[in-house]
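Architecture and fold: a report
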Amino acid sequence: MSTITASLGTDRVRWLRPTLTVLVAAAVAVGAPFYFAPFQVFQLTMVLVYAVALSGLNLLTGFGGQISLGHGAFFAAGAYTAAVMLDRYDTSHLATLPAAAAGCFLLGLGFGVPALRLRGLYLALVTLSFAVFLPPLLKRLEPVTGGSMGLTVNKMQPPAWSGLAEDQWMYFVVLAVTAVALLLARNLLRSRVGRALLAVRDNESAAEVMGVRLSLHKTLAFAWSAMFAGVAGCLYTWVIGFVSPDSFSFVLSITLLAGLVVGGLGSLYGPLLGAAFVMYVPSVSQDVSEAAPGVVFGLLIITVMFVAPTGLAGLPGRVLGAVARRPPRTTAALDRMPEAESAPDAEPESQALSGPSETHTPADPAVVDAEPVGAPPRTEKE
Amino acid sequence: MSEPTTGSTEAAAGAERDFLKVSDLYAGYGQARVLQGLDFSVARGEVCAILGPNGAGKTTTLRALCGMVRGRGSVTLNGTELLGRSPEQAARLGVAHVPEGRGTFNDLTVEENLRIGAHLRTGPRRRGRTERAAVVADLERIYDYFPKLRQRSRQAAGSLSGGEQQMLAVGRALMLRPSLLLLDEPSLGLAPLVTRELFEIVRAVNEEERTTVVVVEQNAQLALDIAHRAHVLEAGRLVLSGPAGQIREDGQVAEVYLGVSVLSRKAG
């Protein structure tokens, strides 16, 4: 009984901080377009657009463990779906969003099939081929896509009642879609499907033995992921008002993957940080060196990966971890029973202790090595 | 059985005795033939130990039962053919496999691991309120068997000790509400006391839930302590079968196949 009440109490503590964080983030997000200049608001809007694409890629790569170098193509497919609908059929902007989402979901489902047979670099290569072959295809389909010239579409106009400028209105629309998308990704991961996905990433055969259908979940991961990229592409068309094959070269796919890795694979807010990286760093590196912005961009990626191998999202945790010398993800420190607290813990904590502290004697590794054979003292306390 | 019973009850008794029936099972990996025609049955509610030296085919037997390895011959569970099914389909039929080396999902928390065990029970078609409540009740039941898991329910499985991970793997398999539990070398890399604790829990599970258990073990003595029947494998063939007590007594024969085994230590 005391266990239950204790866990309830810590649940409240656990909820308080994220709630506050979300409230502060929401306040900043809503206030930003009134503070910044139109061009900066546009940049922020693009950060949100990329964040949607990256959170989709995160589902697949960060949580599903499958590498895709083809997400720029899904992004393009979503963007062109919206552009063609707006240009040819004169639909409303909002109608293009579900169409792009559904279209890319199906496309992703189709691309999930090779994912069943291929993994790692081989899968990356197949997805890359999609990214490489899509732009020429878009150029060929001139009657529909406008060929190399691309398509220019009307931007969304702010309704009169809002009293907002065009860029501000666009920002809020994209913000709303992004918020929904991030929430959806988060809930997806906490659902039964998400758990199955993580289990497949961790240990495929063990997951299968537990009754998880590998083929279904791997394909679904691709489909969901492609859907997010497609939605991001659709938002891109709304914001930029122009699509052309050259905007979606395979470099976009690689940039997306790089952004995700820099932001933090498998972290819920890593995509936001990665999106900011993708948006701002190229322009910053342009300022540093006009001759070779790519070099600066590359160096920055290397720096980030060196300082924060788990991505920017993992950086605070790593810094805190280094300060507090505690293993990651032991949020259980709070709700641990007193008797558990006194019990000597397994390997992870001894590793955490074995840093610079003087308790780390040369004899230590031997003790750790001998552990599985079963030193009686440890098991007695268990 | 000698009683003049009707055919149907006799058939039912037969079905109980042959709850798991393995006949003429051949299996292997690519060119390597490992199992050379196994025949044995496990009665419902029984604990069956499969013993033998390294490379005898113990693990392969379990893998063939749960669909991880393709085999020839026949394996029926309660009359349903298991061979030719994927592991996921075998799980649907009530086979829960605790693989060698545990196979816990290390990035997931203990509770998430257990919930994966209930994956099939919470599927779209069965997502009833009652089933969800049953899963929560089962979580509590597992935590009652393994109190240490309750303490660590929100910890990442990767941060557990080896013994705790093995307990988690067994608990996760039980979340499936299996009719057949397959345990592959549960004692591997564990301290003797932890192993003993684990085996006691397996015995309790078997007694309380009437779960049929097939356990593969190097540690023959421990396995024979909880098993009702035992089979000794050697080079892919059964060389000795019988009630666990008899196998234990038959120390000499066992020693031939189990090497200078723990069995002799028991006698000494």
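Every chain is numbered on its own, with residues counted from 1 as its sequence reads. Here the convention is simple: chains get letters from A, ligands get numbers from 1, in the order in which they are written. Reporting of local features is limited, given that this is a predicted model, to residues whose pLDDT is at least 70; pairs of side-chain atoms are given and counted only at 80 or more, and all residues count toward the totals for whole chains, interfaces and linings.

Another aspect to go through is the overall build of chain A. Summing up its helical and strand segments, chain A has 18 helices and two strands in all. Put plainly, a residue is buried at 20 or more neighbouring C-beta atoms within 10 Å of its own, exposed at 12 or fewer, and partly exposed in between, counting only other residues' C-beta atoms, which are placed from the backbone. Expressed as a percentage of its 382 residues, the buried residues of chain A come to 41%. The contact rule is simple: place each C-beta atom from the backbone, and if two of them lie within 7 Å, those residues are in contact. Considering only residue pairs separated by 6 or more positions, chain A has 74% of its internal contacts joining residues 24 or more positions apart. Going along the chain from the N terminus, every DSSP run of H or I of four or more residues is numbered as a helix, and every run of E of two or more is numbered as a strand.

Now for the overall build of chain B. Scanning chain B from terminus to terminus reveals 12 helices and 10 strands. Evaluated residue by residue, chain B yields a buried proportion of 47% over its 268 residues. Residue pairs at least 24 apart in sequence account for 65% of intrachain contacts in chain B once pairs closer than 6 positions are excluded.

Okay, the sheet that holds strand S1 (residues 20–29) of chain B next. All names here are of chain B. In this analysis, strands are considered paired if DSSP registers two or more bridges between them. A sheet is described by the order of its strands in space; here four strands give the open sequence S2-S1-S4-S5, paired in antiparallel fashion. The two strands at the open ends of the sheet, each matched to only one other strand, are strand S2 (32–42) and strand S5 (80–81). Sheet analysis places S1 next to S2, joined by eight bridges and oriented antiparallel. Bridge assignment links Leu20 to a residue of S2, and that residue is Val42. Lines fitted to the C-alpha atoms define the axes, with helices restricted to the stretch that makes contact. Angles between their N-to-C directions range from 0 to 180 degrees. Sitting on the sheet, helix H2 (residues 58–66) touches S1, S2 and strand S4 (71–77), and the angle it makes with S2 is about 70 degrees.

Here we come to the pairing of strand S8 (residues 212–216) of chain B. Residues and elements named next belong to chain B. Burial runs high along S8: five of the five residues are buried. Judged by which residues are buried, S8 turns out to be covered on both faces: Thr212, Val214 and Val216 on one side and Val213 and Val215 on the other are all buried. Two strands pair when backbone bridges link them, and strand S3 (residues 47–51) and S8 are joined in this way by four bridges, in the parallel orientation. Within S8, the position partnered with Val47 by the bridge is Val213.

Counting buried positions over the eight residues of helix H4 (residues 110–117) of chain B gives seven, a clear majority of the element. Along H4(B), the residues classified as buried are Val110(B), Glu112(B), Asn113(B), Leu114(B), Arg115(B), Ile116(B) and Gly117(B).

All names here are of chain A. Locating Asn154 in the fold gives a position in the loop between strand S1 (151–152) and helix H7 (166–190). For the pair Asn154 and Arg17, spaced 137 residues apart in sequence, the C-alpha separation works out to 42 Å. Beyond its immediate sequence surroundings of up to four residues, Asn154 is in contact with Leu86 and Gly241.

All names here are of chain B. The six strands lie next to each other as S6-S7-S8-S3-S9-S10, forming an open sheet whose pairing is mixed. Each edge of the open sheet carries a strand with a single partner, namely strand S6 (95–98) and strand S10 (237–243). Sheet twist, expressed as the mean angle between neighbouring strand axes with direction ignored, is 15 degrees. Bridging between S3 and strand S9 (residues 229–234) involves four bridges; their strand directions are parallel. When the bridges of S9 are listed, Cys48 appears paired with Arg229. The sheet strands contacting helix H7 (residues 162–174) are S6 and strand S7 (180–184), and the helix crosses S6 at an angle near 170 degrees.

Next up on the list: the confidence of the model for chain B. Residue and element names in this part refer to chain B. With 88% of its residues at a pLDDT of 70 or more, chain B shows a mean pLDDT of 83. Scored below 50 in pLDDT, residues 260–268 makes 18 contacts in the model with residues more than four places away or belonging to other chains. Of the two predicted TM-score estimates for the complex, the pTM is 0.75 and the ipTM is 0.79. Think of pLDDT as the predictor's per-residue confidence, scored from 0 to 100.

Of note, the phi angle at Asp90(A) is positive, near 55 degrees, even though the residue is not glycine. Its place among the elements puts Asp90(A) in the loop between helix H3 (71–88) and helix H4 (93–117). On the neighbour-count criterion, Asp90(A) (9 C-beta atoms within 10 Å) is exposed. Of note, the phi angle at Asn78(B) is positive, near 55 degrees, even though the residue is not glycine. Structurally, Asn78(B) can be placed in the loop between S4 and S5. Note on Asn78(B): 17 C-beta atoms within 10 Å, which makes it partly exposed.

As a further point, take the nonpolar core. The biggest cluster of nonpolar side chains holds 174 residues, and the ones touching the most others in it are Tyr50(A), Val231(A), Ala232(A), Ala49(B) and Leu182(B). Ranked by the residues each element gives to this core, the list is headed by helix H10 (residues 214–240) of chain A, at 17 residues. Among residues more than four places away in sequence, those in contact with Ala232(A) are Val49(A), Tyr50(A), Val52(A), Ala53(A), Phe75(A) and Gly78(A). A set of buried residues drawn from Ala, Val, Leu, Ile, Met, Phe, Trp, Tyr and Cys, joined through C-beta atoms within 7 Å, is what defines a nonpolar core.

Here we take up the packing of helix H2 (residues 38–63) of chain A against H10(A). All names here are of chain A. Packing of H2 against H10 leaves a shortest axis separation of 7 Å and a crossing angle of 170 degrees. If you check the angle between H2 and H10, you find them roughly antiparallel. Across the interface between the two elements, Thr45, Met46, Val49, Tyr50, Val52, Ala53, Ser55, Gly56, Leu57, Leu59 and Leu60 from H2 touch Ala221, Phe222, Trp224, Ser225, Met227, Phe228, Ala229, Val231, Ala232, Leu235, Tyr236 and Val239 from H10. Each residue receives one of three labels: charged for Asp, Glu, Lys and Arg, nonpolar for Ala, Val, Leu, Ile, Met, Phe, Trp, Tyr, Cys and Pro, and polar for the others, Gly being one of them. Per-class residue counts for the contact of H2 with H10 are 19 nonpolar, four polar and no charged. For classification purposes, an angle smaller than 35 degrees is called roughly parallel, one larger than 145 roughly antiparallel, one from 65 to 115 roughly perpendicular, and anything else oblique.

All names here are of chain B. Where burial is concerned, most of S9 is hidden: five out of the six residues are buried. Relative to S10, S9 runs antiparallel, the two sharing six bridges. In the strand pairing of S10, Val232 is matched with Leu240. Taking the residues that link successive antiparallel strands as the turn, the S9-S10 hairpin has two residues, and the phi of Ala235 there is positive, at about 50 degrees.

Looking now at the confidence of the model for chain A. All names here are of chain A. For chain A, per-residue confidence averages 76 on the pLDDT scale, and residues scoring 70 or more make up 81% of the total. Across residues 1–8 the pLDDT falls below 50, and counting only partners more than four positions away or on other chains, this stretch makes two contacts in the model. In the model, residues 330–382 has pLDDT below 50 throughout and makes 50 contacts with residues more than four positions away in sequence or in other chains.

This part covers the environment of Leu224(B). All names here are of chain B. Mapping Leu224 onto the fold places it in helix H9 (residues 220–226). Given 24 C-beta atoms within 10 Å, Leu224 falls into the buried group. Separated by 185 residues in the primary sequence, Leu224 and Asp39 place their C-alpha atoms 20 Å from one another. Excluding residues that lie within four positions of it along the chain, Leu224 makes contacts with Ala49, Ala230, Ala244, Ile247 and Arg248.

Moving on, we get to H7(B). Expected helix span is computed as 1.5 Å times (number of residues minus one). Taking 1.5 Å per residue, 13 residues should reach 18 Å; H7(B) reaches 18 Å between its end C-alpha atoms and fits that length. Every buried residue of H7(B) is listed here: Gly163(B), Glu164(B), Gln165(B), Gln166(B), Met167(B), Leu168(B), Ala169(B), Val170(B), Gly171(B), Arg172(B), Ala173(B) and Leu174(B).

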